[in-house]
Amino acid sequence: MLDSYVEIDLDKIGANARAITQKYSDYKYFIAVLKGDGYGHGMEVANEMYKNGINYFAVSSLEELKAFVRSTRTLRFCACIRFIFRELRRQRGLISPLP
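Residues numbered from 1 in each chain as written. Predicted model: local features only at pLDDT ≥ 70, side-chain atom pairs only at ≥ 80, totals over all residues. Heavy atoms only, no water.

Student: What should I look at first to understand the overall build of the protein in this one?
Tutor: Assigned secondary structure in the protein consists of five helices and three strands. Going residue by residue from the N terminus, the α and β elements of the protein occur as α-β-α-α-β-α-β-α. Counting over 99 residues, the protein shows a buried share of 25%. Look at the contacts in the protein between residues 6 or more apart in sequence, and 56% of them connect residues 24 or more apart. Roughly 7,600 Å² of accessible area belongs to the protein as shown, and the carbon and sulfur atoms make up 55% of that amount. (Helix = DSSP H or I, 4+ residues; strand = E, 2+ residues; numbered from the N terminus. Buried < 20%, exposed > 50% of the residue type's maximum accessible area, 1.4 Å probe, protein only. Contact = heavy atoms within 4.5 Å. Areas by Shrake-Rupley, 256 points an atom, 1.4 Å probe, with all protein chains shown as cover.)

So, in structure tokens, the structure goes:
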């Protein structure tokens, strides 16, 4: 089995976030999607993007949202309201889980 690794250049991520927020400075919201905790690098990447102008983050599940909220109080999150209500109903046994 081959060893594998991921190399993340936070300076480039920050530069990309800064370039987007500067180019579209008249926009009010900048949303980054951190599905699946960014393959385990979500908070590190989210903090870098936040420092460079990204002001909202979307996640893929309530569990992921809870983990991010526990990690920081400064980041703002958005998610599909329809998804969240469906997930809450599923957790309460009101609907069956998605296949």
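Student: What should I look at first to understand the side chain of Asn52 in this one?
Tutor: Inspection of the secondary structure puts Asn52 in the loop between helix 3 (42-51) and strand 2 (56-58). The exposure class assigned to Asn52 is buried, which follows from its relative accessible area of 12%. A distance of 2.8 Å separates a polar atom in the side chain of Asn52 from the backbone oxygen of Glu48. When residues no more than four places from it in sequence are discounted, the contact partners of Asn52 are Gly14, Ala17, Arg18 and Thr21. (Polar contact = N/O pair within 3.5 Å; in protein donor to acceptor, adjacent residues only side chain to side chain.)

Student: Sorry if this is basic, but what is going on with the nonpolar core here?
Tutor: In globular proteins that are soluble, nonpolar side chains generally tend to be buried together. By size, the foremost hydrophobic cluster in this structure holds twelve residues: Ala17, Phe30, Ala32, Leu34, Met43, Val45, Ala46, Met49, Ile54, Phe57, Val59 and Phe68. Non-local contacts of Met49, meaning those with residues more than four positions away in its chain, are made with Ile13, Ala17, Ala32, Leu34, Ile54 and Phe57. (Core = buried A, V, L, I, M, F, W, Y, C linked by side-chain atoms within 4.5 Å.)

Student: Explain helix 1 (residues 10-23) to me, please; I cannot follow it from the model alone.
Tutor: The α-helix advances 3.6 residues per turn, and as a result positions three or four apart in sequence lie on the same side. Compared with the 20 Å implied by 1.5 Å per residue over 14 residues, the 20 Å span of helix 1 between its first and last C-alpha is a close match. Three or more residues of helix 1 are buried, namely Gly14, Ala17 and Thr21. When helix 1 is viewed along its axis, its buried side chains cluster within an angular range of 65° and face the same direction. Those residues of helix 1 that are exposed and aimed more than 90 degrees away from the buried face are Asp11, Lys12, Gln22 and Lys23. The backbone nitrogen of Asp11 lies 3.0 Å from a side-chain oxygen of the residue at the head of helix 1, namely Asp9. (Expected span 1.5 Å × (residues − 1). Arc of directions from axis to C-beta.)

Student: Looking at this structure, I do not really get a nonpolar patch on the surface. What am I missing?
Tutor: A surface patch of nonpolar side chains, amounting to about 300 Å² of accessible area, comprises Ile20, Tyr24 and Tyr27. Judged by relative accessible area, Tyr27 falls into the partly exposed class, the value being 48%. (Patch = residues over 30% accessible without salt bridge, like charges linked within 9 Å, V, L, I, M, F, W, Y side chains within 5 Å. Salt bridge = Lys/Arg side-chain N within 4 Å of Asp/Glu carboxyl O.)

Student: Teacher, can you tell me more about the packing of aromatic side chains here?
Tutor: Aromatic rings in a pair are described by how distant their centres are and how their planes are angled relative to each other. Taken as a whole and assessed by the stated rule, the structure comprises two aromatic pairs. On the numbers, 5.2 Å between centres and 55° between planes, the contact of Tyr24 with Tyr27 is tilted. Aromatic pair Tyr29 and Tyr56: ring centres 5.5 Å apart, planes at 65°, arrangement edge-to-face. With Tyr29 in the loop between helix 1 and strand 1 (31-33) and Tyr56 in strand 2, this residue pair connects regions lying 27 residues apart in the sequence. (Phe/Tyr/Trp six-rings, centres within 6.5 Å; stacked < 30°, edge-to-face > 60°.)

Student: Would you mind going over the pattern of salt bridges with me for this structure?
Tutor: Opposite charge on two side chains makes pairing possible when the charged atoms of those side chains draw close. Here the structure, examined in full by the defined rule, presents one salt bridge. Where Glu48 meets Lys51, a salt bridge forms, and the shortest distance between an N and an O atom there is 3.3 Å. Of this pair, Glu48 and Lys51 both sit in helix 3, separated by three residues, roughly a single helical turn. Glu48 sits in the buried class, given a relative accessible area of 14%.

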